[in-house]
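Coordinates in review
Spelled out, the chains give:
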Amino acid sequence: MNLIMFLLGRVAKGVVVLMAIAILNFLLIHAAPGDPAQVMAGQGGAADEELLQQLRVQYGLDKPFLTQLGIYAGSYLQFDLGFSYRQQQSVLSLIMDRLPATLLLTGSAFVISLLVGTLMGMLAARRQGHWSDGAITTVSLMFYATPLFWIALMSQIIFSLKLGWLPNVGYETIGANLSGFARMLDIGRHLILPAMTLGLFFTAVYVRMMRASMLQVAGSDFVKTARAKGLSEGVILRHHIARNAILPVVTLAGLQAGQLVGGAVLTETVFAWPGIGRLMFDALTQRDYPILLGVFFISSALVIGFNILTELVYRIVDPRIGAQG
Amino acid sequence: MIAFLKRFSRNPAAVVGLVILVLVVAFAILAPLLYPNSPWKPVQRPFLAPFAQAGFPMGTDTLGRDVAAGLVHGARVSLQIGVVSTIVALLIGVPLGAIAGYSGGWVDDLLMRFTEFFQTIPSFALAIVMVAILQPQLGSIILAIGVVSWPPVARLVRGEVLSLRSREYVQAAITIGQSTPRIIFSQILPNTIAPIIVIGSLMVGTAILLESSLSFLGLGDPNLMSWGYMVGAGRTRLLDSWWISFFPGIAIFLTVLALNLAGEGLNDALNPRLSRGRK
């Protein structure tokens, strides 16, 4: 019962956030220089008068500002994200076609970076002051400072163009007509480079967070108690410190899931990965604004959904969280 | 001040960061003297490899423009956008955080919900949408970076203000009837300057990364030669002319790394008690 109430509350909050994003989109369209109908037509000012007139009627652009806002936000909340006149397809169906590829990419990058990041962070904290701590911290700082798109390009040169180990671009081998397990393997090979480059930046972030969190927990009283009881350092590290240190890191990582979407735009652009990030880049070069706004909206919805999911998992895994809130 | 400099210089990484930073700033300032011609002007044959021709240590790009000239002029663009957009973020974040932390209650609740909203939404996607729709210009780029970067500032300032407002000297100021804005601006905010400077220096690095990512996607100001644009422009000729994309990337990396090292050094030097645990 408690859990259902919690879920309902979170979903309601998520809807409010999505409404705010719809309003934000609406305001942006009106802040753009020129005619809002031109922005919605998304053809870089080249739309014909008939289409513009149709859009004006559909979105009530001759009506008062607030009515327009109501119409726009209302259609957004019904997941009617407009129509891409350039691609002759609804924005929602365009996004839905591309979504699985992005979920695969961001999902694997998230899992890889969280695993490697927390592990490295634990190692660094355990060997605090040791040269390996210095090495891990330095390397993570370096990846933190390197532009993601540049790492993507350089790994493309090295691992694909020069060494020829991995495919250069794309989602699967074109024209190979693979199916079943062979196709999965093929996609997996294409996934390695994009997922690694996207994951590297976040690994760097999680290493730093995990290290700080470990050091903080290591100073708390229950760790001293455990040590006073005569438990071995290994047991204390694994059972007392690491378990408590990982919780805030995962929370923060979940909250920052939105950044993965941004990173996906860059990696998908470099590796021609057919996800919503690449869709956004193509829409950018074609000035197809409805797609841009739609991708922003859907990726926000995804992040909200993901956050609700992580919170839900927490409340099941760690009963203390539910009891406090 | 001297004690502060001493503490800062004891941290070798921070000093290295500062030295790189000074070099980048020097290049940016001296750009018109070092390369008086426009960085957009073709000066040699295209795809000239580094050191193939005297005077072109980094070669030329797809249109025969000098990569080194682009780098030096790009330093101006990157630093300017980094600093100005950070100032924009501080101008949004500091007042919001201060009001939230000082008022408490529903005002705090409302402002923090607002901050959370901007933290959950995919910030880079928002920046792309903003710059694309408002048209890629210096102003819209700075605005977009500022708008997506302020939430951590607001949270930091709120926390600081929250802990400061219960201090005795603030209570005293309330008792003698000072106005709320005066208390915030003359009693509380001056004491939060140190953490704001630290987070600001780290944010300049993030802003430079954001700007370069935007111009890599083609969302740079078309009149400004920027590092991200250079990487993006060389992207199609990676295999035979790697240097076009390579050098600007290194420039971004070094500058952002330097800002992070100097920022962390600053943090340690400003909070000597907090940092003693490290190392």
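Residues numbered from 1 in each chain as written. Chains lettered and ligands numbered in written order. Predicted model: local features only at pLDDT ≥ 70, side-chain atom pairs only at ≥ 80, totals over all residues. Heavy atoms only, no water.

Describing the overall build of chain A
Threshold: Each helix is a run of DSSP H or I of at least 4 residues and each strand a run of E of at least 2, with the numbering of both proceeding from the N terminus. Burial here depends on accessible area, computed with a 1.4 Å probe over protein chains only, as a share of the maximum for the residue type. Under 20% is buried, over 50% is exposed, and the range in between is partly exposed. Whether two residues are in contact is decided by their heavy atoms, any of which lying within 4.5 Å being enough. Charge counting treats Lys and Arg as positive and Asp and Glu as negative, with His and both chain ends excluded. Here the site of a charge means atom NZ of a Lys, CZ of an Arg, CG of an Asp or CD of a Glu.
Looking only at helices and strands, chain A features 14 helices and two strands. Among the 325 residues that make up chain A, the fraction classed as buried is 48%. Excluding contacts between residues fewer than 6 apart, the proportion of contacts in chain A whose partners are at least 24 apart in sequence is 71%. Charged side chains in chain A number 22 positive and 17 negative. The centres of these two groups are separated by 16 Å.

As for a nonpolar patch on the surface
All names here are of chain A. Which entries qualify depends on this criterion: Distance thresholds for patches are 9 Å for like charges and 5 Å for nonpolar side chains (Val, Leu, Ile, Met, Phe, Trp, Tyr), applied to residues having over 30% relative accessible area and no salt bridge. Only the protein chains shown count as cover for residues, and the accessible areas themselves come from Shrake-Rupley with a 1.4 Å probe. Throughout this description, the term salt bridge denotes a Lys or Arg side-chain nitrogen within 4 Å of a carboxyl oxygen of Asp or Glu.
On the surface, L7, V11, V15, M19, I23, L27, F65, L66 and L77 cluster together to form a nonpolar patch covering roughly 720 Å² of accessible area. For the nonpolar patch, the secondary structure elements donating two or more residues are helix 1 (2–31) and helix 4 (65–77). Residue contributions to the nonpolar patch peak at six residues, all from helix 1. By the secondary structure assignment, L77 is in helix 4. A relative accessible area of 31% means that L77 is categorised as partly exposed.

Quick word on the nonpolar core
What counts is decided by this rule: Here, nonpolar core means buried Ala, Val, Leu, Ile, Met, Phe, Trp, Tyr and Cys residues that are tied together by side-chain atoms lying within 4.5 Å of each other.
If you look at the biggest cluster of nonpolar residues, it comprises 167 residues, and the most contacted ones within it are A:L292, B:L126, B:I128, B:L214 and B:L217. Formed by six residues, the second largest nonpolar core is a distinct cluster that contains B:A14, B:V198, B:L266 and B:A269.

Section: the packing of aromatic side chains
Stated formally: Only centres within 6.5 Å qualify two rings of Phe, Tyr or Trp (six-membered ring in Trp) as a pair; their planes then separate them into stacked at under 30 degrees, edge-to-face at over 60, and tilted for everything else. As a reminder, the over-ring test applies to NZ of lysine and CZ of arginine, requiring each to be within 6 Å of the ring centre and within 35 degrees of the ring normal.
Tallied over the full model, the rule gives 20 aromatic pairs over all chains. Between B:F114 and B:W150 the ring centres are 5.8 Å apart and the planes differ by 25°, which places this aromatic pair in the stacked class. Of the two residues, B:F114 sits in helix 4 (residues 105–120) while B:W150 sits in the loop between helix 6 (138–149) and helix 7 (151–164), which places them 36 residues apart along the sequence. One residue, A:R208, lies across the ring of A:Y144, its end atom 4.9 Å from the ring centre. For the cation-ring pair, B:R165 lies above B:Y102, with the distance from its terminal atom to the ring centre recorded as 4.6 Å.

Regarding the environment of B:T60
Residue and element names in this part refer to chain B. Of note, T60 is situated in the loop between helix 2 (12–34) and helix 3 (67–103). Using a relative accessible area of 0% as the deciding quantity, one classes T60 as buried. A sequence separation of eleven residues divides T60 from A49, and the C-alpha atoms of the two residues are 6.9 Å apart. In contact with T60, other than residues within four places in its own chain, are Q44, R45, P46, F47, L48, R65, D66, V67, W243 and I244.

Brief notes about the domain arrangement of chain A
Note on interface size: it is often stated as the accessible area lost on association of the parts. All names here are of chain A. Operational definition: Either an automatic procedure or a domain database provided the assignment from which the domain bounds are taken. Accessible area that two parts lose when put together, evaluated with a 1.4 Å probe and summed over both, is termed the buried area. Under this definition, polar contacts are N or O atom pairs within 3.5 Å; protein pairs additionally need one hydrogen-donor-capable and one acceptor-capable atom, and for neighbouring residues in sequence, both atoms have to be side-chain atoms. Polarity classes work like this: nonpolar for Ala, Val, Leu, Ile, Met, Phe, Trp, Tyr, Cys and Pro, charged for Asp, Glu, Lys and Arg, and polar for all others, with Gly in that last group.
Each domain of chain A was delimited in the assignment, giving domain 1 (13–80) and domain 2 (95–324). Averaged C-alpha coordinates put domain 1 and domain 2 at centres separated by 34 Å. Counting residues at the interface gives 16 residues for domain 1, matched by 13 residues for domain 2. Summed over both partners, the interface of domain 1 with domain 2 buries about 1,100 Å², with 80% contributed by carbon and sulfur atoms. Three residues stand out in domain 1 for area buried against domain 2, namely L18, I21 and Y76, and they jointly supply 34% of the buried area on that side. The interface formed by domain 1 and domain 2 contains one residue pair in polar contact (both at pLDDT 80 or more). For the side of domain 1 that touches domain 2, the residue count by class is eleven nonpolar, five polar and no charged.

A closer look at the interface of chain B and chain A
Taken together, the 42 residues of chain B in the interface contact 45 residues of chain A. Buried surface at the junction of chain B and chain A, both sides included, amounts to about 3,900 Å², of which 79% is carbon and sulfur. Note that B:E116 and A:K13 form a salt bridge whose closest N and O atoms lie 3.8 Å from each other. At the boundary of chain B and chain A, one finds five residue pairs in polar contact (both at pLDDT 80 or more). Looking at the side of chain B that touches chain A, the elements with two or more residues in it are helix 4, helix 5 (123–133), helix 10 (193–216), helix 11 (227–234) and helix 12 (243–270) of chain B. Among the elements that line the side of chain B that touches chain A, the one with the most residues is helix 12 of chain B, at eleven residues.

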